[in-house]
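# Summary of the model geometry
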Amino acid sequence: MPLNDRSRRQQLPEEVATYVREMIISGEVRAGDFLRIERIAEAVGVSTTPVREGLLALRSEGFVEMVPRRGFVVAPFTKQDVRDLFWAQAQLAAELAARAAKNITPQQIAELEGILKEHEDAIAQGDTERISSLGHAFHRKINLIADSPRLARLLGSVVTNLPNRFYATIEGHVTTTQEEHPLLLDALKKHAGKRAKTIMESHILDGADHLIDELEQRGLWDTDAEANAG
């Protein structure tokens, strides 16, 4: 099989998983709803095989459950689940920020300053798409500077549990990023690892509350059901 075909076959289940995660987190499907494989295949534009593979991946992440002889059903997704995902992300991202503070070079500081300047320009222009994109770029650069690829891959595996557009919502929260990104860059410049770690952890954890508010506004959770879920 040609390399491009093999790569494409590996990407298809990931596309399905991303599509279904977004359906779940946006509230388009709710806990207890059955996921129709043929309908998903048609929506994503793939055969049923990668749909099954994508749903099995989501089963391992806890987003769906398999009911014998009936298929895949949406698992409960609670506010605590959101907080847990962000807690795990915060611990890993904070450690990467601390390591970046030790490793950072003048050139890398200049690159981060450039991203931050573009980010501020995007805020001034009200360009929501660029705001979120540059927010992501700022974080990605810090992760690379940390020079800890295995830890960065672990962070990536946590981040994939939520669709990109929901992280974009958080990075697009102008007040938070406008205040905290410069503080983080200042800590990196001063090689203040502990301060960089604290700022990054707080920054990520704040994102959980922003996302919960966003999802509540979208009507993801039924108040009574959420209370019963504990």
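Residues numbered from 1 in each chain as written. Predicted model: local features only at pLDDT ≥ 70, side-chain atom pairs only at ≥ 80, totals over all residues. Heavy atoms only, no water.

The name an unreviewed UniProt entry gives the protein chain is GntR family transcriptional regulator, with Rhodococcus pseudokoreensis as the organism.

The subject of this paragraph is the overall build of the protein chain. The helix and strand inventory of the protein chain stands at 11 helices and 3 strands. Walking the protein chain from its N terminus toward its C terminus, one meets helices and strands in the order α-β-α-α-β-β-α-α-α-α-α-α-α-α. Carbon and sulfur atoms make up 49% of the accessible area of the protein chain, which totals about 12,500 Å². (Helix = DSSP H or I, 4+ residues; strand = E, 2+ residues; numbered from the N terminus. Areas by Shrake-Rupley, 256 points an atom, 1.4 Å probe, with all protein chains shown as cover.)

A separate point is the environment of aspartate 81. Relative to the helices and strands, aspartate 81 is located in helix α4 (residues 79-103). Once the C-alpha coordinates of aspartate 81 and alanine 208 are considered, the two residues, 127 residues apart in sequence, prove to be 9.9 Å apart. There is a polar contact of 2.8 Å between the side chain of aspartate 81 and the backbone nitrogen of threonine 78. (Polar contact = N/O pair within 3.5 Å; in protein donor to acceptor, adjacent residues only side chain to side chain.)

This structure, assessed with the given rule, holds 1 aromatic pair. With centroids separated by 5.4 Å and ring planes inclined at 25 degrees, the aromatic side chains of phenylalanine 63 and phenylalanine 77 adopt a geometry described as stacked. Of the two residues, phenylalanine 63 is situated in the loop between α3 (48-61) and β2 (64-67) and phenylalanine 77 in the loop between β3 (71-74) and α4; the sequence distance between them amounts to 14 residues. (Phe/Tyr/Trp six-rings, centres within 6.5 Å; stacked < 30°, edge-to-face > 60°.)

What the 3 strands build is an open sheet, ordered β1-β3-β2; its pairing is antiparallel. Strands at the two margins of the open sheet, each flanked by one partner only, are β1 (34-35) and β2. Taken together, the 4 bridges between β2 and β3 define a ladder with antiparallel strand orientation. Across the sheet, methionine 66 pairs through a bridge with phenylalanine 72, a residue of β3. Lying on the sheet, α3 is in contact with β1, β2 and β3; it crosses β2 at an angle near 110 degrees. (Pairing = 2+ DSSP bridges. Contact = heavy atoms within 4.5 Å. Axes fitted to C-alpha atoms, helices over the stretch in contact; angles between N-to-C directions.)

Glancing now at the pattern of salt bridges. Applying the stated rule across the entire model yields 10 salt bridges. The partner of lysine 117 in a salt bridge is aspartate 121, with the nearest N and O atoms 3.0 Å apart. Placement of the pair is lysine 117 and aspartate 121 together in helix α5 (residues 106-125), with a separation of 4 residues, close to one helical turn. Here glutamate 118 and arginine 130 are joined by a salt bridge, their closest N and O atoms 3.7 Å apart. Residue glutamate 118 is located in helix α5, and its partner arginine 130 is located in helix α6 (residues 128-145); the two are separated by 12 residues in the primary sequence. A relative accessible area of 29% places arginine 130 in the partly exposed class. What you see here is one network of salt bridges that share partners, running through Glu95, Arg99 and Lys197. (Salt bridge = Lys/Arg side-chain N within 4 Å of Asp/Glu carboxyl O. Buried < 20%, exposed > 50% of the residue type's maximum accessible area, 1.4 Å probe, protein only.)

This part takes up the pairing of β3. Sheet analysis places β1 next to β3, joined by 2 bridges and oriented antiparallel. When the sheet's bridge partners are listed, leucine 35 is paired in β3 with phenylalanine 72. Where β2 folds back onto β3 in an antiparallel hairpin, the turn is made up of 3 residues, including arginine 69, whose phi is positive at roughly 65 degrees.

Next up on the list: α5. With 20 residues, α5 extends 29 Å from end C-alpha to end C-alpha; this agrees with the ideal 28 Å at 1.5 Å per step. Listed in full, the buried residues belonging to α5 are Gln108, Ile109, Leu112, Ile115, Leu116, His119, Ala122 and Ile123. An end-on view of α5 places all buried positions within 140 degrees of arc, on one side of the element. Set apart from the buried face of α5 by more than 90 degrees, the exposed residues are Pro106, Gln107, Ala124 and Gln125. (Expected span 1.5 Å × (residues − 1). Arc of directions from axis to C-beta.)

Turning our eyes to something else, we now look at the confidence of the model for the protein chain. In this model, the protein chain carries an average pLDDT of 86, and 86% of its residues clear a pLDDT of 70 or more. Between the elements of the protein chain, mean pLDDT differs from a low of 46, seen in helix α11 (residues 223-229), to a high of 96, seen in β1. (pLDDT = per-residue confidence, 0-100.)

Turning to the environment of histidine 191, a few remarks are in order. You can see histidine 191 is positioned in the loop between α9 (174-189) and α10 (193-217). What makes histidine 191 partly exposed here is its relative accessible area of 43%. Along the sequence, histidine 191 and alanine 101 sit 90 residues apart, while their C-alpha atoms lie 4.5 Å from each other. Residue contacts for histidine 191: discarding those within four places in its chain leaves Ala101, Lys102 and Ile104.

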